Amino acid sequence: MEYKRVLTVQDISCFGQCSLTVALPILSAAGHETVILPSAVLSTHTAGFTGFTVRDLTEDMPAITAHWKKEKIAFDAIYTGYLGSAEQIAYVLDMIRTLGRTGFVSVVDPAMADNGKLYPAFDEAFVEEMKKLVFAADISVPNITEACFLTGIPYRESYDRAYIDSLLTAMKQNGAKTVVLTGVTFSDKTTGVMVMDENGVRYYEHIKLPRGSHGTGDVYASAFVGALLAGKSCFDAAAVAADYTVKCIENTVDDPDHWYGVKFEPVLPYYISRLDH
Ligand code: PXL
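What you see is a predicted model, and the numbers here were worked out from it, not measured in a lab. Throughout this description, residue numbers start from 1 for each chain and increase along the sequence as written. Residue-level local features of this predicted model are given only where pLDDT is at least 70; pairs of side-chain atoms are given and counted only at 80 or more, and the full residue set underlies all totals for whole chains, interfaces and linings. As a rule here, side-chain values come from all non-hydrogen atoms in the structure, and water together with hydrogens is ignored.

Caption draft 1: How the structure looks around the site of the ligand. Taken together, Asp11, Ser13, Cys18, Ser19, Leu42, His45, Thr46, Ala47, Tyr82, Tyr119 and Asp218 make up all the residues around the ligand. N or O atoms closer than or at 3.5 Å make up a polar contact, with two conditions inside protein: a donor-capable atom paired with an acceptor-capable one, and, for residues adjacent in sequence, both atoms drawn from side chains. One of the side-chain N or O atoms of Asp11 is found 2.7 Å from a nitrogen atom in the ligand. By the convention adopted, Pro, Cys, Tyr, Trp, Phe, Met, Ile, Leu, Val and Ala count as nonpolar, Lys, Arg, Asp and Glu as charged, and the other residues, Gly among them, as polar. Among the residues forming the shell around the ligand, the class breakdown is 5 nonpolar, 4 polar and 2 charged. The rule for a residue being near a molecule or strand is that one of its heavy atoms must lie within 4 Å of it.

Caption draft 2: Structural context of unusual backbone geometry. Of note, the phi angle at Gln17 is positive, near 50 degrees, even though the residue is not glycine. Note on classification: 1.4 Å probe, protein chains only; a residue is buried when its accessible area is under 20% of the maximum for its type, exposed when over 50%, partly exposed between these limits. When its relative accessible area of 14% is taken as the criterion, Gln17 is described as buried.

Caption draft 3: How the structure looks around the packing of helix 1 (residues 20–29) against helix 7 (residues 216–229). Whenever a helix is involved, its axis is fitted only over the stretch in contact; in every case the axis is a line through C-alpha atoms, and angles between N-to-C directions fall within 0 to 180 degrees. The helix and strand labels rest on DSSP assignments: H or I over at least four residues marks a helix, E over at least two residues marks a strand, and numbering proceeds from the N terminus. The geometry of helix 1 relative to helix 7 is characterised by a closest axis approach of 9 Å and an angle of 25 degrees between their N-to-C directions. Classified by the angle their axes make, helix 1 and helix 7 are roughly parallel. Seen from above, helix 1 lies across helix 7 with right-handed handedness. Facing helix 1, whose interface residues are Val22, Ala23, Ile26 and Leu27, helix 7 presents Asp218, Val219, Ser222, Ala223, Val225 and Gly226. Between 65 and 115 degrees an angle is taken as roughly perpendicular, under 35 as roughly parallel, over 145 as roughly antiparallel, and anywhere else as oblique. By definition, any crossing whose near helix is turned counterclockwise from its far helix by less than a right angle is left-handed, and any crossing with a clockwise turn is right-handed. Contacts between residues were defined by any pair of non-hydrogen atoms, one from each residue, lying within 4.5 Å.

Caption draft 4: Structural context of the packing of helix 2 (residues 61–70) against helix 3 (residues 88–98). The N-to-C vectors of helix 2 and helix 3 enclose an angle of 10 degrees; their axes lie 10 Å apart at closest approach. The orientation of helix 2 relative to helix 3 falls into the category roughly parallel. Of the residues in helix 3, those in contact with Met61, Pro62, Thr65 and Lys69 of helix 2 are Gln88, Tyr91, Asp94, Met95 and Thr98. Here the contact of helix 2 with helix 3 is built from residues that sort into 4 nonpolar, 3 polar and 2 charged.

Caption draft 5: Region of interest: the packing of aromatic side chains. Stacked, edge-to-face and tilted labels apply to pairs of Phe, Tyr and Trp rings (six-membered ring for Trp) whose centres lie within 6.5 Å, assigned for plane angles under 30 degrees, over 60, and everything in between, in that order. Counted according to the given criterion, the structure contains 13 aromatic pairs. Between Tyr82 and Tyr119, the ring centres sit 6.3 Å apart and the planes meet at 25 degrees, which makes this aromatic pair stacked. Of this pair, Tyr82 sits in the loop between strand 4 (75–80) and helix 3 while Tyr119 sits in the loop between strand 7 (117–118) and helix 4 (124–136), placing them 37 residues apart in sequence. Residue classification places Tyr119 among the partly exposed positions, given a relative accessible area of 24%. Judged by centre distance (6.2 Å) and plane angle (80 degrees), the ring pair of Tyr204 and Phe235 falls under edge-to-face. With Tyr204 in strand 11 (residues 200–207) and Phe235 in helix 8 (residues 234–250), this residue pair connects regions lying 31 residues apart in the sequence. Looking at Phe235, the relative accessible area reads 10%, which means it is buried. Through a chain of ring-to-ring contacts, three or more aromatic side chains come together here, namely Phe15, Phe49, Trp259 and Tyr260. In this structure, Arg202 packs its charged tip against the face of Phe235, placed 3.7 Å from the ring centre. Lys247 extends its terminal NZ or CZ atom over the ring of Tyr270, reaching a point 4.9 Å from the ring centre. In this scheme, the term charge over a ring applies when either NZ of a lysine or CZ of an arginine sits within 6 Å of the ring centre and within 35 degrees of the ring normal.

Below you can see the structure in the form of structure tokens.
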């Protein structure tokens, strides 16, 4: 397998098993050189904790990028997640435009909302900036809530295939190329991902566990990027990431104290086994 270099831009939530503390180990396990750019440093993630500290690192970004350009450091992929500010998005767009090398792919997880609501740190101005990043990316990995904010289509708790198709069509009309829409559920016992790429739209369905877990969006997107860079097609990478995420949740559901993230580390050997190195 080719040795790929991926840059991932997202926050460090020191405690909470999400963003960079999940992306770095998963991408490394997939066999890729993983370069990190922290968008912010928080004491914990913001979903379920109160009183967390936040240090926004927006100001550091231009100098870091300038140094990399001077050193001629370039990437096979850039994968972005939770960002620290709306201003940061212009810097990230510049990285995508200038730091790629042959075969470059950009993957944007517009990590900003879930269950019909924006995360506490974000507002409409942030959504407007995020649209620019998502619609410029080669691949985006939104959940349904995020796709609604990105397209202006009202969020619905229950829906049918036509609603999902309308979200994907609106994403495409706005400029999206490949979209991996996560958390698409048509029945009580199953959920899945809807993948729209140049081959059309395909659904990967898998079991739905009774408990949802924080941080699974980041586990999913990281595992997807790792598998994609390992040579899987977009659909196959989406399926491997889904199976791995299910196993991470299974490995966590019986521990009520572990509500803030998933125990993804013990399941990494399963993930690696699916990459056919
Ligand atoms: O998992 C997404 C995420 C990442 N980073 C921070 C978050 C969240 C979700 O709430 O709060 C800081």
